[in-house]
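Here is what each chain is made of, one letter per residue.
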Amino acid sequence: MYRQKLFIVALLALVTGLVAAPGAFAQEAGVCNVEAPAEPVELNMIGWSFPIADFYAAELEGCSAVENLTVNASLLSSSDVQEQVNLALSTGGDSPYDIMHAANGQVSDWGGKGWLMPLNDLIDKYRDEYDLDDIPAVIWEGGTLDGNIYGVPIIGNTLHLFYRSDVLAEMGMEAPETYADVIAFCDAVGMDNMDWDAPFGMDLSRARGWELEFFMVLGALGGTYIGEGNQPAFNGPEGVQALELMVDVYNACLGDAASSLSNNGMETGMHQGVLPMVKLWASRAAGMSNPDNTDLTDVIDFAPAPRVVEGGPRAGSAWNDFFFIPANTTNDPDLIFRVIMEAADAASQQQAAVLGIPSRVSASDFGGKYLPAANATLAESVGNYAKNPAVNIAITKLSEFLPLTATGEMTPAEALDAAAAAYVEEATAQGFIEG
């Protein structure tokens with residue numbers, strides 16, 4: 001299945017001219033230059049599915065063409081991947097996985113628990129062969145904890161605006177620059193407009209979506225999650241202002257229909273022309289230019305994530321996805337690393353750029369029309385979570401209480417204070433706060 005996807009992606013790239021022909025590359029995408037093991041080896045990868053991740057899964061499975069080597073890729077939802085990895089690795093036994101795909105949050109979570117293998121020596125060994133300095137140091141830093149590099153960066157990502165340029169033109173409006181502009185757009189469209197399922201889409205269909213949006217809005221106001229002594233800081237004045245803004249957007253823009261839309265639902269809504277604007281992951285943007293997905297390729301356009309205040313940071317975050325090797329794999333780490341690098345070499349990333357943001361500088365010119373909006377968001381975003389294991393507790397507790405503001409069960413101040421109290425209790429129990 002993944003090889004078929006790889007062929008379709010490559011064919012589309014060649015036809016549209018978004019990606020140069022493979023002959024232009026120093027390496028050839030889809031070719032696995034790994035020496036055959038002396039005995040049969042089976043490598044298992046687990047990760048979550050979206051277009052560019054599917055591409056890399058195909059590249060990994062392409063190494064099954066090497067004699068005595070089989071690579072299996074299993075793609076689930078992100079929450080299912082984290083659940084499966086937690087179940088598999090928390091017992092301390094041999095890992096059923098050899099390659100794990102995850103993002104920044106798992107660097108501190110899994111790395112802090114000792115579940116990940118440091119890759120520093122392998123990176124130094126293969127630095128020249130795979131031109132690993134083509135990946136900027138700041139991106140490698142995203143996969144680093146306490147000096148140990150745990151992740152090979154494969155994807156950059158952020159959240160920004162997708163919109164119908166024809167709709168905004170008819171309304172005489174520009175793409176929103178701030179969340180006040182987003183609300184003004186929603187008011188102009190109207191919640192009861194029968195032409196649309198909703199004026200706007202944003203991932204508030206799940207608890208973690210609320211937390212992630214809160215992190216970005218809070219950061220854009222200069223706030224932070226954790227203060228001195230690992231005490232909670234997210235329930236201060238900036239936190240209340242951030243959550244009040246989110247509730248305003250929820251009430252003005254989403255309604256029952258859009259508030260239940262997942263990322264997949266928003267992507268489909270843009271394809272089908274039932275949503276005029278969404279805030280969605282850059283990794284979903286390439287599909288908007290694919291005529292197999294939608295008839296609206298000419299009028300779907302992109303803008304950076306909105307600011308919270310004029311001239312302030314954008315309410316976007318800077319993410320990377322990584323391939324990790326578990327510390328307790330039963331297979332040769334050198335072989336696993338080489339398979340990863342064959343999937344993420346320069347040629348592969350240049351083809352992958354049509355589907356998402358590559359981690360290599362040499363691949364940055366091969367992407368689609370969404371890249372300026374994505375890169376502008378990254379340049380002015382609030383960054384990412386602090387690499388403090390206590391942050392994971394804050395994420396969990398905020399995810400529990402923030403959605404209650406949409407239902408009116410709690411005010412923003414009440415929800416944040418409840419999350420802070422729950423955080424203090426758990427952080428104290430785990431030793432992050434002195435009792």
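One can find the structure itself at the top, above this paragraph.
Keep in mind it's a predicted model, so treat the numbers as computed, not measured. (Residues numbered from 1 in each chain as written. Predicted model: local features only at pLDDT ≥ 70, side-chain atom pairs only at ≥ 80, totals over all residues. Heavy atoms only, no water.)

Chemist: Before we go on, may I ask you to explain the environment of aspartate 131 in this structure?
Modeler: Take aspartate 131: it is sitting in the loop between helix H5 (120–125) and helix H6 (137–142). C-alpha separation for the pair aspartate 131 and tyrosine 225, spaced 94 residues apart in sequence, amounts to 37 Å. Leave out the neighbours within four places in its chain, and aspartate 131 touches Tyr126 and Arg360. (Helix = DSSP H or I, 4+ residues; strand = E, 2+ residues; numbered from the N terminus. Contact = heavy atoms within 4.5 Å.)

Chemist: How should I be thinking about the sheet that holds strand S7 (residues 159–164) in this particular structure?
Modeler: Pairing between the strands of a sheet is mediated by backbone hydrogen bonds and can be parallel or antiparallel. As summarised here, the arrangement of the three strands in space is S8-S7-S9, forming an open sheet in which the pairing is antiparallel. The open sheet has two edge strands with one neighbour each: strand S8 (277–281) and strand S9 (300–303). Mean inter-strand twist for the sheet, computed between neighbouring axes without regard to direction, equals 35°. For S7 and S9, the ladder comprises four bridges, and the chain directions are antiparallel. Bridge pairing in S9 places phenylalanine 162 opposite phenylalanine 302. The sheet strands contacting helix H11 (residues 263–272) are S7, S8 and S9, and the helix crosses S8 at an angle near 130°. (Pairing = 2+ DSSP bridges. Axes fitted to C-alpha atoms, helices over the stretch in contact; angles between N-to-C directions.)

Chemist: I'm lost on the environment of alanine 36 in this one. Help?
Modeler: Tracing the sequence through the fold places alanine 36 in the loop between helix H1 (2–16) and strand S1 (41–48). Taking the relative accessible area as the measure of exposure, alanine 36 reaches 35% and is therefore partly exposed. Residues alanine 36 and cysteine 63, 27 residues apart in the sequence, show an inter-C-alpha distance of 9.9 Å. The residues contacting alanine 36, other than those within four sequence positions of it, are Val66 and Glu67. (Buried < 20%, exposed > 50% of the residue type's maximum accessible area, 1.4 Å probe, protein only.)

Chemist: Looking at this model, I keep getting lost on the packing of aromatic side chains. Mind explaining?
Modeler: Each aromatic ring pair is specified by the distance between its two centres and by the angle formed by the two planes. Under the defined criterion, the tally for this structure stands at 17 aromatic pairs. Each ring, one from tryptophan 110 and one from phenylalanine 324, has its centre 6.1 Å from the other, and the planes form 70°; the classification is edge-to-face. Linking tryptophan 110 in helix H4 (residues 104–112) with phenylalanine 324 in strand S10 (residues 319–324), this pair joins segments that are 214 residues apart in sequence. Overall, the relative accessible area of 0% leaves tryptophan 110 in the buried class. In this structure phenylalanine 324 comes out as buried when scored by relative accessible area, which is 0%. When the ring of phenylalanine 234 is compared with that of tyrosine 423, the centres are 6.3 Å apart and the planes differ by 80°; the resulting orientation is edge-to-face. (Phe/Tyr/Trp six-rings, centres within 6.5 Å; stacked < 30°, edge-to-face > 60°.)

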